[in-house]
Amino acid sequence: MDEKTLKDFLSCHVCLETFKDPVSLSCSHNFCSSCLKKFWEEAKNRNCPICKRKDSKDDLSVNFSLKGLADSFAGRQTGGSSETEKEEKRLEEVCKKHRGIPQLFCRDEQRTVCSVCEFSLHQNHKVVPVEEAVGELKEQLKSDLKSLQDKRNKYKRVEKTYDDLVQHSKKQLLSTEKQIRAEFNKLQQFLKEEEESRLAALREEEEQKGRRISGERKRIQEQISSLSDSISAVEEELQKDNMAFLSRYKPTRDRAREQSSVSDPRLLSGTLVDEAKHLGNLAFRVWEKMGDQVHFSPVVLDPNTANLRLHPSDDLTSVTQGDTWQQFPDNPERNLKYSSVFGSEGLTSGKHSWEVEVGDHPDWIIGLVKDSVDRKGKVFASPEYGIWCLWYGDGKYTNGAGETVTVETSLRRIRVQLDYDGGKVSFYNAEDMTHIYTHSDTFTEKLFPYFSVGESGGAKTSEIRICQTKNRLT
């Protein structure tokens, strides 16, 4: 576009001068705002001075894109303040032919454009004043900043949980070590070597899991540091002047969004010491090496799954509900909503059975639970949710599916029997082997022994205990 054509394009058809505060009518013709108002007052209508079409717009706003182009062409200054002059000196020359501060920003190409020589190249683009573009882009970057801050907070919460896990793991180490020593003190001196061997295994596991947590915490700390750097960079960019901000906006935004897309931190499973491995059937396994027979518990409780209200015994064969909440970390394995605890070993095939002594305890549930059951939210002790059980409460027995189970005498000792491959869970009165009921189903994942204990009230029996035997039960 030559200079004459550009001049004609930027001239008002009323005053024949370069536009001042141009407005655009619905017919797309442009005029100086003051010229158009004066023309309409004299004509006593709102018709276009060129095509005579009546304008349909209620409010005529200044066309800032056209104004910037006209002002630049006419050599008019838009600011005039000393601050603007200082800023203009700091800015690099955008166009070699036309000096001055760019007043327009192309949204399609995400850059400033020269109002004189480049405007015609952006006729079909979304071109807005720089101030408007900066405002919009800053709002976008503020949103990215909020995402980064939220992400960092999530990592900090997980880091805090890992701190709790480390502290609890240390307590487990001390508690488990004490119990191991108590068991070995019952044996003769020649068992000392076996004792030290198991203590070494315990310490090695704690150290190994400690290293695992340390490595994960280091990764989280690095991510927090990286997020903090990105947040600082975004906050720094938001303080810069317009052109400096625009020159670094895209890489800063890309970096912020890349950091925001990082997956949320998750706690690793299996980070606590496996107390069941070290304490479960400890005496039996030691005596087995000596060729003698000792008492054996077919099921060992996993304290890492115990609800905060439950208190597993030192040998992990019984559990009671306490009056206070214990300070356990929220590891992924732990049951939070209900007073339940799982057995330590999952079952995926074969036949298994064990007996549980309930005495006169007034509120309990025993049976099996699938590995994927929700341990944090609301579930019901029923096959629909992956729990196959016998439930006693309010003086009656139910099968977990809402159906009452009739028994001839009150149950004090119950036998749980699983035929995994046959898809059956059966319950018996262990005192006379009377069949209570059998639930048939198809099992597709690992099952764990399940125990839920309510308040004992005034009952003589306050705990639910897994019965021991002199022989392994299969």
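Keep in mind it's a predicted model, so treat the numbers as computed, not measured.

Rules and cut-offs
Residues numbered from 1 in each chain as written. Predicted model: local features only at pLDDT ≥ 70, side-chain atom pairs only at ≥ 80, totals over all residues. Heavy atoms only, no water. Helix = DSSP H or I, 4+ residues; strand = E, 2+ residues; numbered from the N terminus. Buried < 20%, exposed > 50% of the residue type's maximum accessible area, 1.4 Å probe, protein only. Contact = heavy atoms within 4.5 Å. Core = buried A, V, L, I, M, F, W, Y, C linked by side-chain atoms within 4.5 Å. Pairing = 2+ DSSP bridges. Axes fitted to C-alpha atoms, helices over the stretch in contact; angles between N-to-C directions. Patch = residues over 30% accessible without salt bridge, like charges linked within 9 Å, V, L, I, M, F, W, Y side chains within 5 Å. Areas by Shrake-Rupley, 256 points an atom, 1.4 Å probe, with all protein chains shown as cover. Salt bridge = Lys/Arg side-chain N within 4 Å of Asp/Glu carboxyl O. Lys, Arg positive; Asp, Glu negative; His and termini not counted. Charge placed at Lys NZ, Arg CZ, Asp CG, Glu CD. Polar contact = N/O pair within 3.5 Å; in protein donor to acceptor, adjacent residues only side chain to side chain. Phe/Tyr/Trp six-rings, centres within 6.5 Å; stacked < 30°, edge-to-face > 60°.

Caption draft 1: Structural detail: the overall build of the protein. For the protein, the count of helices and strands is nine helices and 18 strands. Across the 474 residues in the protein, those meeting the buried criterion constitute 45%. Intrachain contacts of the protein at a sequence separation of at least 6 include 66% that bridge at least 24 residues.

Caption draft 2: Representation of the nonpolar core in the model. Counting 46 residues, the largest nonpolar core has Trp 364, Leu 390 and Phe 451 as its most contacted members. Excluding residues that lie within four positions of it along the chain, Phe 451 makes contacts with Val 299, Leu 301, Ser 339, Ser 340, Val 341, Trp 354, Val 356, Ile 365, Ile 366, Ile 464 and Ile 466. Formed by 26 residues, the second largest nonpolar core is a distinct cluster that contains Ala 133, Leu 165, Ile 224 and Leu 227.

Caption draft 3: Region of interest: the sheet that holds strand S15 (residues 424-429). Taking strand neighbours across the sheet as the criterion, the seven strands line up as S6-S7-S18-S9-S14-S15-S16 in an open arrangement whose pairing is antiparallel. Each edge of the sheet is formed by a strand with only one pairing partner; in this case those strands are strand S6 (310-312) and strand S16 (434-440). Averaged over all pairs of adjacent strands, the angle between strand axes in this sheet comes to 20 degrees, irrespective of strand direction. Across two bridges, the pairing between strand S9 (residues 351-357) and strand S18 (residues 463-466) is antiparallel. The residue bridging Glu 357 from the neighbouring strand is Arg 465, located in S18.

Caption draft 4: How the structure looks around the sheet that holds strand S12 (residues 396-398). Strand order in the open sheet formed by six strands is S8-S17-S10-S11-S12-S13, with antiparallel pairing between adjacent strands. Of all strands in the sheet, those with a lone pairing partner are strand S8 (340-342) and strand S13 (404-405), marking the two edges. The sheet contact formed by S12 and S13 spans two bridges and is antiparallel. Paired with Thr 398 across the bridge in S13 is Thr 404.

Caption draft 5: Main features of a negative patch on the surface. Judged by side-chain charge, Glu 357, Glu 408, Glu 431 and Asp 432 come together as a negatively charged surface patch. Owing to a relative accessible area of 48%, Asp 432 belongs among the partly exposed residues under this scheme.

Caption draft 6: Inspection of the pattern of salt bridges at higher detail. Taken as a whole and judged by the stated rule, the model has 28 salt bridges. The salt bridge partner of Glu 159 is Arg 217, with a shortest N-O separation of 4.0 Å. Placement of the pair is Glu 159 in helix H5 (residues 130-185) and Arg 217 in helix H6 (residues 192-238), with a sequence separation of 58 residues. Residue classification places Glu 159 among the buried residues on the basis of a relative accessible area of 18%. For Glu 206, the salt bridge identified is with Lys 170, shortest N-O distance 3.7 Å. With Glu 206 in helix H6 and Lys 170 in helix H5, this pair connects stretches of sequence that are 36 residues apart. With a relative accessible area of 9%, Glu 206 lands in the buried category. Linked by salt bridges that have partners in common, Glu 177, Arg 181, Glu 195 and Arg 203 make up one network.

Caption draft 7: The side chain of Asn 281, seen in detail. One can find Asn 281 in the loop between helix H8 (275-279) and helix H9 (282-289). Accessibility expressed as a relative area gives 18% for Asn 281, which makes it buried. Polar side-chain contacts of Asn 281 include one of 3.1 Å to the backbone nitrogen of Ser 297. If we skip the residues at most four places from it in the chain, Asn 281 touches Phe 296, Ser 297 and Val 300.

Caption draft 8: Quick look at the side chain of Gln 172. Tracing the sequence through the fold places Gln 172 in helix H5. A distance of 2.6 Å separates a polar atom in the side chain of Gln 172 from a polar atom in the side chain of Glu 275. Look past the residues within four positions of Gln 172 in its chain and what remains in contact with it is Glu 177, Leu 272, Val 273, Glu 275 and Asn 304.

Caption draft 9: Focus on the pairing of S16. For S15 and S16, the ladder comprises six bridges, and the chain directions are antiparallel. Bridge pairing links Asn 429 to Thr 434 in S16. Taking the residues between adjacent antiparallel strands as the criterion, S15 and S16 are bridged by four residues, where Met 433 takes a positive phi near 60 degrees.

Caption draft 10: Highlighting the packing of aromatic side chains. For the structure shown, the criterion picks out eleven aromatic pairs. With centroids separated by 5.9 Å and ring planes inclined at 45 degrees, the aromatic side chains of Phe 342 and Tyr 450 adopt a geometry described as tilted. Here Phe 342, found in strand S8, pairs with Tyr 450, found in strand S17 (residues 447-453); they are 108 residues apart in sequence, far enough to count as distant. Using a relative accessible area of 2% as the deciding quantity, one classes Phe 342 as buried.

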